[in-house]
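# Overview (structure and organization)
The chain contents come next:
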Amino acid sequence: MSPTIYTIILSSLATGTIITMTSFHWLMAWIGLELNTLAIIPIISTLHHPRSTEAATKYFLTQAAASAMILFSSMINAWNMGTWDITQMSYAPSNILLSLALALKLGLAPAHFWLPEVLQGSTLSTAFIIATWQKLAPMSLIYMTMNNLPSMILLMLGLTSSAIGGWSGLNQTQTRKIMAYSSIAHLGWMAMIASIMSNIMIMNLVVYLMMTTALFTSLICSKSKTIKDTAATWTTSPTLAIIMMLTLLSLGGLPPLTGFLPKWLILEELIMQNLAPMATAMAMSALLSLFFYLRLTYITTLTLPPNTLQMKFKW
């Protein structure tokens, strides 16, 4: 793809997200989401490979369906309440529909099936964009409609996402699929706290974006597409391997590291709201995620792959 076209597409991607984040009218928010979707389709399908074409098609269909559901829910709300204002979604059926549409848009379980497939079909850098930047617009819509979204639905979406993100990530060998399930689990934590304390949700989102960026950058630098590839990271750069280990442990949410902070605050807040069983279930599901992060850490830094003395170090 020529640099000019690539620049235009990336700026369209940024513009779409910014339009959605700054709009107060549902139609403008929808336009931003559509622009966002249309801009990333050519980025996914640049490889000209059946897998990437399939990923682009899956992404387009799910995102178009979710955007249509968002537009439909806002239309029902406007029909009944006479306002197109995003912050005044007060009609219950349209709120339920909106929360389901946003779940599909973000890839929250049980509407998560497209995310691992799309990430697996695209390159590491494209997967990085989908796992980070593409979450901003729907999350900003959740933030703006927070007071009206049905909290029970959000809690259930959060719990199922966290559990499924943990369970499904256990038997993966592809780093992109592991990152997809990691993304689903993290979004589950955000959905869980969304209806209770929105500022913790924003903090969780920022921490998630930082850690995912760090990990994807490490994977892109070491060209690690499978777990087996990460075992050879230390031959490229021992420092990179150590940074990767710390990032993985932080994503898992181990106490001294940054990733533990949002989990701790969320669990504390859930207990304050008398949702102790929910907090327990979330903590248990975090252990599942931690297991596959630990496995990746172990392979990356604590084991040496079979090598001969003649092996040349890349560094």
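The structure presented is a predicted model; accordingly, all values stated were derived computationally and were not measured.

### Describing the pattern of salt bridges
- Counted according to the given criterion, the structure contains 3 salt bridges.
- With its nearest N and O atoms 2.9 Å apart, the salt bridge here joins Glu54 to Lys58. Taken together, the residues Glu54 and Lys58, both in helix H3 (residues 50-81) and 4 residues apart, mark about one turn of the helix.
- The partner of Glu117 in a salt bridge is Lys58, with the nearest N and O atoms 3.6 Å apart. Of the two residues, Glu117 sits in helix H5 (residues 114-121) while Lys58 sits in helix H3, which places them 59 residues apart along the sequence.
- What you see here is one network of salt bridges that share partners, running through Glu54, Lys58, Glu117 and Lys177.

### A closer look at the environment of Asp229
- By the element assignment, Asp229 lies in helix H11 (residues 227-230).
- For Asp229 and Leu270, which are 41 residues apart along the polypeptide, the C-alpha to C-alpha distance reads 39 Å.

### Some details on the nonpolar core
- In this structure, Leu141 and Ile142 are the most contacted members of the largest nonpolar core, which totals 82 residues.
- With 12 residues, the single largest contributor to this core is helix H9 (residues 175-194).
- In contact with Ile142, not counting residues within four places along its chain, are Leu102, Leu106, Leu149, Ala194 and Met201.

### Observations concerning the UniProt feature "transmembrane region" (unreviewed entry) in the protein
- Per the UniProt record, the feature "transmembrane region" (unreviewed entry) sits at residues 59-76, 96-115, 152-171, 178-196, 202-221, 233-255 and 275-294.
- For the annotated span residues 59-76, helix accounts for 100% and strand for 0% of the residues, and the straight-line distance between the end C-alpha atoms is 26 Å.
- The span residues 233-255 is 83% helical and 0% strand by assignment, and the distance between its end C-alpha atoms comes to 25 Å.

### Section: the packing of H3 against H5
- The contact between H3 and H5 brings their axes to 8 Å, and the two run at 145 degrees. Seen from above, H3 lies across H5 with left-handed handedness. Listed contacts from H5 to Arg51, Ser52, Ala55, Lys58, Tyr59, Thr62 and Gln63 of H3 are Trp114, Glu117, Val118, Gln120 and Gly121.
- In terms of residue class, the contact of H3 with H5 is made up of 4 nonpolar, 5 polar and 3 charged.

### Section: the packing of aromatic side chains
- What the rule picks out here adds up to 4 aromatic pairs.
- On the numbers, 5.8 Å between centres and 45 degrees between planes, the contact of Phe128 with Phe216 is tilted. With Phe128 in helix H6 (residues 124-131) and Phe216 in helix H10 (residues 198-222), this pair connects stretches of sequence that are 88 residues apart.
- With a relative accessible area of 22%, Phe128 lands in the partly exposed category.
- Ring plane angle 45 degrees and centroid distance 4.9 Å describe the contact between Phe292 and Tyr293, whose orientation is recorded as tilted.

### Comments concerning helix H4 (residues 92-106)
- Over its 15 residues, H4 extends 21 Å from the first C-alpha to the last, a length consistent with the 21 Å expected when each residue adds 1.5 Å.
- Counting buried positions over the 15 residues of H4 gives 11, a clear majority of the element.
- Within the sequence span of H4, burial applies to Ser94, Asn95, Leu97, Leu98, Ser99, Ala101, Leu102, Ala103, Leu104, Lys105 and Leu106.
- Buried residues along H4 sit in contact with helix H2 (26-44), H3, H5, helix H7 (136-144), helix H8 (151-169) and H9.

### Details of a nonpolar patch on the surface
- On the surface, Met1, Ile5, Tyr6 and Leu10 cluster together into a nonpolar patch covering about 350 Å² of accessible area.
- Tracing the sequence through the fold places Met1 in the segment before helix H1 (3-22).

Rules used in this analysis
Residues numbered from 1 in each chain as written. Predicted model: local features only at pLDDT ≥ 70, side-chain atom pairs only at ≥ 80, totals over all residues. Heavy atoms only, no water. Salt bridge = Lys/Arg side-chain N within 4 Å of Asp/Glu carboxyl O. Helix = DSSP H or I, 4+ residues; strand = E, 2+ residues; numbered from the N terminus. Core = buried A, V, L, I, M, F, W, Y, C linked by side-chain atoms within 4.5 Å. Buried < 20%, exposed > 50% of the residue type's maximum accessible area, 1.4 Å probe, protein only. Contact = heavy atoms within 4.5 Å. UniProt positions renumbered as here; feature names shortened; annotations may be inferred. Axes fitted to C-alpha atoms, helices over the stretch in contact; angles between N-to-C directions. Left-handed = near helix turned anticlockwise from the far one by under 90°. Nonpolar A, V, L, I, M, F, W, Y, C, P; charged D, E, K, R; others polar. Phe/Tyr/Trp six-rings, centres within 6.5 Å; stacked < 30°, edge-to-face > 60°. Expected span 1.5 Å × (residues − 1). Patch = residues over 30% accessible without salt bridge, like charges linked within 9 Å, V, L, I, M, F, W, Y side chains within 5 Å. Areas by Shrake-Rupley, 256 points an atom, 1.4 Å probe, with all protein chains shown as cover.

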